[in-house]
Amino acid sequence: TFPLLSVTLLVSFGSSMLYGYNLAVVNSPAVHIKAFYNATWSRRYGHGLAPGPLTLLYSLTVSIFALGGLVGSLLVGVLVERYGRNGTLSRSALLVLLAGGFMGFSRELGSPEMVIIGRSITGLHSGICLSVVPLYLGEIAPKNLRGFLGLMPSIFICLGVFFTQVLGLPELLGEDRFWPLFLSVVVFPASLQLLLLHCFPESPRYLLIEKNDVCGATKALCRFLGTPDVQDVIKEMKEEQRSLSSVEMISVWQLLQDRSVRWQTLSVVVVNAGMQLSGIDAIWFYTNTIFENAGIPESQIPYATVGTGAIEVVAGLIGVSDGRTDGRSPSV
């Protein structure tokens, strides 16, 4: 249905794509940001930064994004319970506007601290949205589309990385005078999401199971599924609600101590750790430096960087196509 497609594209564009964008946005303007840090330090203290401290300060700028993401992911449970899935995504867009303001005006105010704070806030937003967007899409989609819609955020993450690399070309925002704008472009997708997301209903599952709002859940299902015949879905959710009422919720620490799911937990940890330690994060953050050390001419590095993003987008589309053509629905 049009509402289902529209909200999928909206939250993927306004949240998931921003994660990919913020992953790669520090790669292209690295030289300019370091020069700004050095010049600001010189004005404040009468001398520039040595290479070691400058690298450390810039590394903090890059890595604090991940720390913000960790904090954001830990807050997801509380936020979705209090504000719902739609409400959490709407409110999290305000974080992007705040972060964009910090980073966009950092050079005018001569404050490297504003860049670091802005990066930490974008990390907080990404940590929240990485969990909430698939959760929201999984709960509003019909069963036959649930796996496919669950892959949409991943595609938009790849697109976010690619758009960052394209905007970072010297012909666009890759010049020294544009780097604050380059960092704060994220406010435009976030503003669009903030303006439009309230036009779509909350997750029917959240309304029924957590808020016990049968009428609201029915209306949301009718709009997303495009049919008034949703009683079977409501019945399934009520059965789920009854089964959940007898299930005891456990904390992360209790999960780690539970021997009955030890192998499942270990499998999840190993798969995710393998992905994070594969080197892809280093490529996103430091592509230009890697290519420079590999001997690629400096004038060709931005275009080689765009090539890595294009390959990633193609690989993501192949993954979605494979999930559709073999007749199976990929798991969320």
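Residues numbered from 1 in each chain as written. Predicted model: local features only at pLDDT ≥ 70, side-chain atom pairs only at ≥ 80, totals over all residues. Heavy atoms only, no water.

### A look at the environment of V76
Next, step 1: Take V76: it is sitting in helix α3 (residues 51–104).
Next, step 2: Classification of V76 by relative accessible area gives buried; the value is 10%.
Next, step 3: For the pair V76 and I128, spaced 52 residues apart in the sequence, the C-alpha separation amounts to 5.7 Å.
Next, step 4: If near-sequence neighbours (up to four positions away) are discounted, V76 is found in contact with G127, I128, S131 and V132. (Helix = DSSP H or I, 4+ residues; strand = E, 2+ residues; numbered from the N terminus. Buried < 20%, exposed > 50% of the residue type's maximum accessible area, 1.4 Å probe, protein only. Contact = heavy atoms within 4.5 Å.)

### As for the layout of surface pockets
Next, step 1: Approximately 1200 Å³ is the volume found for the largest pocket.
Next, step 2: In terms of lining, the largest pocket is formed by 30 residues, of which the most central are Y19, L130, N272, M275 and Q276.
Next, step 3: Counting only elements with at least two residues in the lining of the largest pocket, the list comes to α1 (2–24), α3, α4 (112–140), α5 (143–167), α11 (252–257), α12 (262–276) and α13 (280–293).
Next, step 4: In terms of residue count, α12 provides more of the lining of the largest pocket than any other element does, 7 residues in total.
Next, step 5: Its residues assigned to classes, the lining of the largest pocket comprises 18 nonpolar, 10 polar and 2 charged. (1 Å grid on protein atoms, 1.4 Å probe; cavity = no way out; pocket = protein on both sides within 12 Å on 5 of 7 lines; lining within 4 Å. Points joined across faces, edges and corners; volume = space filled by probe spheres on them. Nonpolar A, V, L, I, M, F, W, Y, C, P; charged D, E, K, R; others polar.)

### Details of the side chain of T8
Next, step 1: By secondary structure assignment, the location of T8 is in helix α1.
Next, step 2: A distance of 2.7 Å separates the side chain of T8 from the backbone oxygen of L4, its partner in a polar contact.
Next, step 3: Non-local contacts of T8, meaning those with residues more than four positions away in its chain, are made with L137, L149 and M152. (Polar contact = N/O pair within 3.5 Å; in protein donor to acceptor, adjacent residues only side chain to side chain.)

### Comments concerning the environment of I157
Next, step 1: In this fold, I157 is placed in helix α5.
Next, step 2: Residues contacting I157, with those up to four places away along its chain left out, are S16, M17, Y19, G20 and L130.

### Remarks on the UniProt feature "transmembrane region" (unreviewed entry) in the chain
Next, step 1: Within this numbering scheme, the UniProt entry marks residues 56–80, 92–110, 116–136, 148–167 and 179–200 as carrying the feature "transmembrane region" (unreviewed entry).
Next, step 2: Taken end to end, residues 56–80 is 100% helix and 0% strand, and its two terminal C-alpha atoms sit 36 Å from one another.
Next, step 3: Taken end to end, residues 116–136 is 100% helix and 0% strand, and its first and last C-alpha atoms sit 30 Å apart. (UniProt positions renumbered as here; feature names shortened; annotations may be inferred.)

### Points about the packing of aromatic side chains
Next, step 1: Within the structure shown, the criterion is met by 6 aromatic pairs.
Next, step 2: Relative to F163, the ring of F162 lies with its centre 6.2 Å away and its plane at 45°, an arrangement referred to as tilted.
Next, step 3: Relative accessible area serves as the criterion here: at 22%, F162 is assigned to the partly exposed category.
Next, step 4: Grouping aromatic residues by their ring pairs yields a cluster made of F36, Y37 and W179. (Phe/Tyr/Trp six-rings, centres within 6.5 Å; stacked < 30°, edge-to-face > 60°.)

### Quick word on the side chain of T305
Next, step 1: The residue T305 is located in helix α14 (residues 301–325) in this model.
Next, step 2: Taking relative accessible area as the criterion, T305 reaches 3% and is therefore assigned buried.
Next, step 3: In this structure the side chain of T305 is engaged in a polar contact, spanning 2.8 Å, whose partner is the side chain of N288.
Next, step 4: Setting aside chain neighbours within four positions, we find T305 in contact with N27, Q165, T287, N288 and F291.

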